[in-house]
Amino acid sequence: AVVSTQSTGVVQCMEKLGYRVGFSLIEKATKDEARVKEDDLWNMLFRKQADNLKTNHTGTFVIQDNRFRFLTRVSQSEQYKQRGELYVAFTCGVVKGALANFGLPCSVTAEIDMSPTVKVTLTLQQPPI
């Protein structure tokens, strides 16, 4: 299942809520610290290291979490698939808001390969020249 910003109104609402949460979390976490390392972001937001982080060195990153906390307790049956997509939309918003607070606007999408495995793809937006 792929979650994008063109999904239903509920998914968009969850992403907006996640954006505000992510932005606020970084604001609070960095209040006393001058800077947070990029590789600590997933750990800071979800209290665990991502299982895999890949980059193409041009501003696109793929983060894989094989036991994504928000999905470990959601049933894997089809009837709960939509609920999982809402959690993932919220997560996209959290990551997007956190990076926006760092001054790194980006687009974020996520897919649930096989619950509870999630792949989050973020693409940093290039500043206008």
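Structural data are supplied above this passage.
Description of the structure in this document.

Definitions and cut-offs
- Residues numbered from 1 in each chain as written.
- Predicted model: local features only at pLDDT ≥ 70, side-chain atom pairs only at ≥ 80, totals over all residues.
- Heavy atoms only, no water.
- Helix = DSSP H or I, 4+ residues; strand = E, 2+ residues; numbered from the N terminus.
- Buried < 20%, exposed > 50% of the residue type's maximum accessible area, 1.4 Å probe, protein only.
- Contact = heavy atoms within 4.5 Å.
- Areas by Shrake-Rupley, 256 points an atom, 1.4 Å probe, with all protein chains shown as cover.
- Salt bridge = Lys/Arg side-chain N within 4 Å of Asp/Glu carboxyl O.
- Patch = residues over 30% accessible without salt bridge, like charges linked within 9 Å, V, L, I, M, F, W, Y side chains within 5 Å.
- Expected span 1.5 Å × (residues − 1).

What follows deals with the overall build of the chain. Counting its regular elements, the chain contains three helices and five strands. Traced from its N-terminal end to its C-terminal end, the chain shows the element sequence β-α-α-β-β-α-β-β. The burial tally for the chain puts 32% of its 129 residues in the buried class. Counted over contacts in the chain with a minimum sequence separation of 6, partners at least 24 positions apart contribute 56%. Entry remark: accessible area of the chain is about 8300 Å², with carbon and sulfur atoms responsible for 52%.

Moving on to the pattern of salt bridges. Summed over all chains, the structure comprises three salt bridges. Lys48 is the partner of Asp51 in a salt bridge, and the nearest nitrogen-oxygen pair spans 3.8 Å. For Lys48, a relative accessible area of 22% puts it in the partly exposed group. In this structure, Lys48 and Asp65 form a salt bridge, with 2.7 Å as the shortest nitrogen-oxygen distance. A residue pair is termed long-range when its members are at least 10 positions apart, and Lys48 in the loop between helix 2 (41-46) and strand 2 (52-55) and Asp65 in strand 3 (residues 60-65) qualify at 17 residues. Connected via shared salt-bridge partners are Lys48, Asp51 and Asp65.

Our next topic: a nonpolar patch on the surface. Together, Leu17, Val21 and Leu25 line one region of the surface with nonpolar side chains, adding up to about 200 Å² of accessible area. Examined against the element boundaries, Val21 turns out to sit in helix 1 (residues 9-29). Residue classification places Val21 among the partly exposed positions, given a relative accessible area of 31%.

Looking now at helix 3 (residues 81-101). Counted at 1.5 Å a residue, the expected span for helix 3 with its 21 residues is 30 Å, and the 31 Å between its end C-alpha atoms agrees. Turning to helix 3, its buried residues number three or more, namely Gly84, Val88, Ala89, Phe90, Thr91, Cys92, Gly93, Val94, Val95, Gly97, Ala98 and Leu99. Downstream of helix 3 by one or two residues, Gly103 has phi in the positive range, about 80°.

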